[in-house]
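# Examining the three-dimensional arrangement
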Amino acid sequence: LRGIPTVHTEAACASGGVAVLTAAHQIMAGLYDAVLVVGVEQQKTMSPAEGADVLGAAADFAAEKPLHGDFMFPKLFARIARIYGERYQLTERQLTAVSLKNRAHARLNPLAQTRDNPATWELCRESSTNPRIAPPLLTSDCSQITDGAAALVLCSQRFADRLDDRAKAKLLGFGHTTDHLSLDAKAAPEFPFSRIAASRAYSMARVGPGEIDGFEVHDCFSISEIVATEILGLADRGRGKLLAESGATALPQVRAELDLPFTGRAAPVNPGGGLIGDGHPVGATGVRQVAEIFEHLAGRAGARQVENARRMLAFNMGGTFTTAVATIWEAA
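Treat the numbers as computed from the prediction; the structure is a model and nothing was measured.

A tally of regular secondary structure across the protein gives 12 helices and six strands. The C-alpha atoms of the protein give 19 Å as radius of gyration, which agrees with the globular expectation for 332 residues (20 Å, within 12%). For the C-alpha atoms alone, the extent of the protein along its principal axes is close to 55 × 50 × 35 Å. Taking all 332 residues of the protein together, 55% fall into the buried category.

Structure (structure tokens):
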């Protein structure tokens, strides 16, 4: 790296998404023609309890740690799930539909952390091996501790025109917003500032949710995917739980495997397994989401390929919907 400009972005779990936008901004400003974006995280060098405190910096640690104690983030997202349930009703099966679907998708992804793990309704029920870590969330509703990395190259159109006929994807639109740090200061479970980020991305891209063929969303916990599908306009408020339960967000082969009832046109969510199935190496996640989208737009995602993928959306989130980054990509 000596002799070239480098930048380190910091936005908690949305650091990767912000890194992608930072590179895009530099290219759009005409500063550079090509930028390498790298996300990397090594989490398995300490105990889960110690790691949880490190991750706690993404929250209002001084105020929320004394309130929630150990494993603060599962408890914060459990609170989001309880608020959602009080307002819209929420069943354990609807939460399980998210985690089970993403684990089933991960079995189709040779790079996913849980690629060798079985995915059945029975295994995702409460048991001694799957305890309720933060009611109503079971351990299976949570993304795992993960080591991992992802990288991509963003470039200008004039740089791309000099390349051969290799596969490319174009950034159509993006949105980026920040909310209060503390969960209690936010409007949960609607998270209006995250909705603004999504709206800006759609507006810039001049497309709507119905014109997106697949989504990579930030499912650090099962409830966050349900909320994200509402933020992104896949479902009305309070109906993301029904979308998950119906199988509309699953790949066709996974719907059949899990006996989910949906039979219409669907836009798969987290076809690579998402954070729950593929893994959540925090700083790498936002970059990995875009790399995963590229594989689908290039038609080389293998067994998990989204059929006829032309446009896809990535939604990366930091903290309890504190930082939101939405990007929309199209096959070039």
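Structure's up, so let's keep going.
Moving on, we get to unusual backbone geometry. Pro136 follows Pro135 through a cis peptide bond whose omega is 5°. Cis peptide bonds are those with omega within 30 degrees of zero, and the linkage from Ala188 to Pro189 qualifies with 5°. Mapped onto the elements of the fold, Pro189 is located in the loop between β3 (169–178) and α7 (192–205). Even without a glycine there, the phi angle at Ala12 is positive, about 55°. Summarising the element assignment, Ala12 is placed in the segment before α1 (15–28). For Arg206, which is not a glycine, the phi torsion comes out positive at approximately 60°. Looking at where Arg206 falls in the secondary structure, it is placed in the loop between α7 and β4 (214–217).

On to the layout of surface pockets, then. Space inside the second largest pocket adds up to approximately 840 Å³. Taken together, 31 residues form the lining of the second largest pocket, with Val153, Leu154, Cys155, Ala169 and Lys170 sitting closest to its centre. Looking at the lining of the second largest pocket, the elements with two or more residues in it are α1, β2 (148–155), α6 (157–161), β3 and α12 (282–297). With six residues, the top contributor of residues to the lining of the second largest pocket is β3.

For the pair helix α4 (residues 72–88) and helix α8 (residues 222–231), interaxial distance at closest approach is 9 Å and the crossing angle is 55°. On the basis of the axis angle, α4 is oblique to α8. The two elements α4 and α8 cross, and the hand of that crossing is left-handed. Every residue of α8 that contacts α4 at Phe77, Ile80, Ala81 and Tyr84 is listed here: Ile223, Ser224, Ile226, Val227 and Glu230. Its residues assigned to classes, the contact of α4 with α8 shows seven nonpolar, one polar and one charged.

Before going further, it helps to spend a moment on the packing of aromatic side chains. Here the structure, examined in full by the defined rule, presents five aromatic pairs. Between Phe77 and Phe321, the ring centres sit 6.3 Å apart and the planes meet at 45°, which makes this aromatic pair tilted. You can see Phe77 sitting in helix α4 and its partner Phe321 sitting in the loop between β5 (311–318) and β6 (323–331), a full 244 residues away along the chain. When sorted by exposure, Phe77 lands in the same class as Phe321, which is buried. Here the aromatic residues Phe73, Phe77, Phe191, Phe221 and Phe321 are joined through ring pairs into a cluster of three or more.

Right, let's get into empty space enclosed by the protein. Using the criterion set out here, one finds one cavity of 30 Å³ or more in the structure. Within this model, the largest cavity holds a volume of roughly 40 Å³. In this structure, the largest cavity is lined by Gly17, Val20, Gly286, Gln289, Val290, Ala314, Asn316, Val325 and Thr327. Residue assignment for the lining of the largest cavity shows that the elements contributing at least two residues are α1, α12, β5 and β6.

Attention now goes to the packing of helix α3 (residues 61–68) against α4. If you want to describe how two helices pack, look at the angle between their axes and the distance between the axes. One way to put it is that α3 packs onto α4 with a least axis distance of 10 Å and a crossing angle of 85°. What the angle tells us is that α3 and α4 run roughly perpendicular. Each of Phe61, Glu64, Lys65 and His68 in α3 lies in contact with α4, whose residues at this interface are Met72, Lys75, Leu76 and Arg79. For the contact of α3 with α4, the class distribution of residues is three nonpolar, one polar and four charged.

Thresholds, definitions, all that
Residues numbered from 1 in each chain as written. Predicted model: local features only at pLDDT ≥ 70, side-chain atom pairs only at ≥ 80, totals over all residues. Heavy atoms only, no water. Helix = DSSP H or I, 4+ residues; strand = E, 2+ residues; numbered from the N terminus. Rg over C-alpha atoms; globule rule 2.2 N^0.38 Å. Buried < 20%, exposed > 50% of the residue type's maximum accessible area, 1.4 Å probe, protein only. 1 Å grid on protein atoms, 1.4 Å probe; cavity = no way out; pocket = protein on both sides within 12 Å on 5 of 7 lines; lining within 4 Å. Points joined across faces, edges and corners; volume = space filled by probe spheres on them. Axes fitted to C-alpha atoms, helices over the stretch in contact; angles between N-to-C directions. Parallel < 35°, antiparallel > 145°, perpendicular 65-115°, else oblique. Left-handed = near helix turned anticlockwise from the far one by under 90°. Contact = heavy atoms within 4.5 Å. Nonpolar A, V, L, I, M, F, W, Y, C, P; charged D, E, K, R; others polar. Phe/Tyr/Trp six-rings, centres within 6.5 Å; stacked < 30°, edge-to-face > 60°.

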